[in-house]
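Below are the chains, spelled out letter by letter.
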Amino acid sequence: MTTVTKKIQMVDLKGQYLKIKKEVDAAIAEVIDNTAFINGPAVKEFQADMEKYLNVKHVIPCANGTDALQIAMMALDLKPGDEVITASFTYVATAEVIGLLGLKPVLVDVYPDTFDINIEAIEKAITPKTKAIVPVHLFGQCADMERIMAVAKKHNLFVIEDVAQAIGADYTFSDGNKAKAGTIGTIGCTSFFPSKNLGCYGDGGAMYTNDSDLAAKMKMISHHGQSVQYVHDVLGVNSRLDTIQAAILKIKLQHLDEYAAARNKVAAYYDKAFANHPKLKTPKRVKNSTHVFHQYTLQLNGVDRTALREFLTTKGVPAMIYYPIPLHMQKAYKDDKYKAGDFPVTEKLCASVLSLPMHTELDEETLKYIADSVLEFCK
Ligand SMILES: *Cc1c(COP(=O)(O)O)cnc(C)c1O
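These numbers were taken from a predicted model, which means no experiment stands behind them.

Q: Looking at this structure, I do not really get the overall build of the protein. What am I missing?
A: When its secondary structure is counted, the protein shows 13 helices and 14 strands. At 21 Å, the protein has a C-alpha radius of gyration in line with the 21 Å of a compact globule built from 379 residues. Along the longest, intermediate and shortest principal axes, the C-alpha atoms of the protein span 65 × 55 × 45 Å. For the protein, the proportion of contacts with a sequence separation of at least 24, taken over those separated by at least 6, is 72%. For the protein, the exposed surface amounts to about 17100 Å²; the carbon and sulfur share of it is 54%. Looking at the protein, you have 43 positive and 44 negative side-chain charges, and the mean spots of the two groups are 3 Å apart.

Q: Honestly, the domain arrangement of the protein in this entry has me stumped. Any pointers?
A: How big an interface is tends to be expressed through the accessible area that disappears when the partners come together. By domain assignment, the protein separates into domain 1 (16–253) and domain 2 (256–377). Centre-to-centre, using C-alpha coordinates, domain 1 lies 24 Å away from domain 2. Listed as interface residues are 44 residues of domain 1 and, on the opposing side, 36 residues of domain 2. Together, the buried faces of domain 1 and domain 2 total about 3600 Å²; carbon and sulfur atoms form 57% of this surface.

Q: How do you make sense of a nonpolar patch on the surface when you look at a structure like this?
A: Together, I32, F37 and I38 make up an exposed nonpolar region whose accessible area comes to about 270 Å². If you trace the backbone, F37 turns up in the loop between helix 2 (21–34) and helix 3 (41–54). Residue classification places F37 among the partly exposed positions, given a relative accessible area of 38%.

Q: It is not clear to me how the site of the ligand should be interpreted in this structure. Could you clarify?
A: Contacts to the ligand come from 13 residues, most closely from G65, T66, D162, S191 and K196. Measuring from an oxygen atom of the ligand, one finds a side-chain N or O atom of S191 at 2.6 Å. One of the side-chain N or O atoms of K196 is found 3.1 Å from an oxygen atom in the ligand. Coverage of the ligand by the protein chains reaches 92% of its 380 Å² of free accessible surface. Grouping the amino acids of the shell around the ligand by side-chain chemistry returns four nonpolar, seven polar and two charged.

Q: Got a minute to help me understand the pattern of salt bridges in this structure?
A: When charged atoms on two side chains of opposite charge get close, those side chains can pair. Inspection of the entire model under this criterion finds 13 salt bridges. Residue K19 is joined to E361 by a salt bridge in which the shortest nitrogen-to-oxygen separation is 2.5 Å. Separated by 342 residues along the polypeptide, K19 in helix 1 (residues 13–19) and E361 in the loop between strand 14 (353–356) and helix 13 (364–377) bring together distant segments of the chain. Using a relative accessible area of 61% as the deciding quantity, one classes K19 as exposed. Of the residues examined, E361 reaches a relative accessible area of 13% and is grouped as buried. Linking K154 and E123 is a salt bridge whose minimum nitrogen-to-oxygen distance equals 3.4 Å. Placement of the pair is K154 in helix 7 (residues 145–155) and E123 in helix 6 (residues 119–125), with a sequence separation of 31 residues. Assessed through its relative accessible area of 63%, K154 is described here as exposed.

Q: How should the environment of E258 be read in this particular structure?
A: Looking at the secondary structure, you find E258 in helix 10 (residues 256–274). In this structure E258 comes out as partly exposed when scored by relative accessible area, which is 48%. Along the primary structure E258 and T360 are separated by 102 residues, whereas in three dimensions their C-alpha atoms are 8.6 Å apart.

Q: Looking at this model, I keep getting lost on unusual backbone geometry. Mind explaining?
A: Leaving glycine out, the prevailing phi sign among residues is negative, and the prevailing peptide bond configuration is trans. Cis geometry is found at the peptide bond from Y322 to Y323, where omega equals 5°. Residue placement: Y323 occurs in the loop between helix 11 (305–314) and helix 12 (344–352). Although it is not a glycine, N39 sits at a positive phi angle of roughly 50°. Summarising the element assignment, N39 is placed in the loop between helix 2 and helix 3. For N39, a relative accessible area of 44% puts it in the partly exposed group.

What counts, and at which threshold
Residues numbered from 1 in each chain as written. Predicted model: local features only at pLDDT ≥ 70, side-chain atom pairs only at ≥ 80, totals over all residues. Heavy atoms only, no water. Helix = DSSP H or I, 4+ residues; strand = E, 2+ residues; numbered from the N terminus. Rg over C-alpha atoms; globule rule 2.2 N^0.38 Å. Contact = heavy atoms within 4.5 Å. Areas by Shrake-Rupley, 256 points an atom, 1.4 Å probe, with all protein chains shown as cover. Lys, Arg positive; Asp, Glu negative; His and termini not counted. Charge placed at Lys NZ, Arg CZ, Asp CG, Glu CD. Domains from an automatic or database assignment. Buried area = accessible area lost by both parts, 1.4 Å probe. Patch = residues over 30% accessible without salt bridge, like charges linked within 9 Å, V, L, I, M, F, W, Y side chains within 5 Å. Salt bridge = Lys/Arg side-chain N within 4 Å of Asp/Glu carboxyl O. Buried < 20%, exposed > 50% of the residue type's maximum accessible area, 1.4 Å probe, protein only. Near = heavy atom within 4 Å. Polar contact = N/O pair within 3.5 Å; in protein donor to acceptor, adjacent residues only side chain to side chain. Nonpolar A, V, L, I, M, F, W, Y, C, P; charged D, E, K, R; others polar.

This is the structure in structure tokens:
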């Protein structure tokens, strides 16, 4: 087996930065030079670039992805006690904001092959109190938005897409029309956390919508509920994207499609290396969405995951578990009515998934080393 000299990382932010260092450093210096730290010109410029890239009417930048979800739900006037349906297999932020606003998170299971929210389960979970569905495009591939939108329309529900992991993914409808992830539902919410596919150098997030009234409302809520300075029409929050982050994102947005292509090359390498392996299930690709591979997540079958991770650690190969504990088994969310066994697919996934290094700077030699290391243990 070959050895690699460079330290292998889950995400190589430094390597990615070095390739655009000159532009990024100049952009940061310019913001500092102009001391335009809050709402400087780069924020509006990035917003306009994003609107164009996503082909959506409005992008409203904010401080992080969790805030984006919260502001979206505040703008939809959801009231305490209203039910919001989301997936049991996701990052905690999705359910957290539902609870914070006094709304009731109603969890449903996911599909075993795509990790996305189970649409039959959504339909079963709908009650007269249901107001919204929050599909999560987990790991970088869109949930089946056409079917989700049909369910939402039938029951008059809002759809908030959690697109934190799938920025830039393309969804194709059955009539051939295409739309970017996050621009299909009522509102899309994303994160620019450094390790996300479009990551800044700190925290950042945004909401997207084609509804101009909602856009105005989200903008107002993110600025202390203020329409005109010192006039506060609704309860708001303080959630802004820093100008320095916007300046960095403006540059990185120009590379986003390249980054997605690099991630897809990594995924294709892993797919081939692990194809038809009896103990390793590679992630399924669906026909109606491109995959931007925020994560490359294997499902292990008959492999001791802890031992495999330890083995990989000795080889210098990091591997992560997204996510180890299902939401319904978390202390903070353990509503009385949920118990072990309620979401069998989620529980099985939490016990069997393993994500491998996935980023834009992986070369073939490193990929071979990673794949060979996994295969050596899973003989
Ligand atoms: C990262 C993430 C968020 C939250 O984003 P932050 O910017 O960290 O607040 C929300 N949902 C999902 C699915 C995520 O992966």
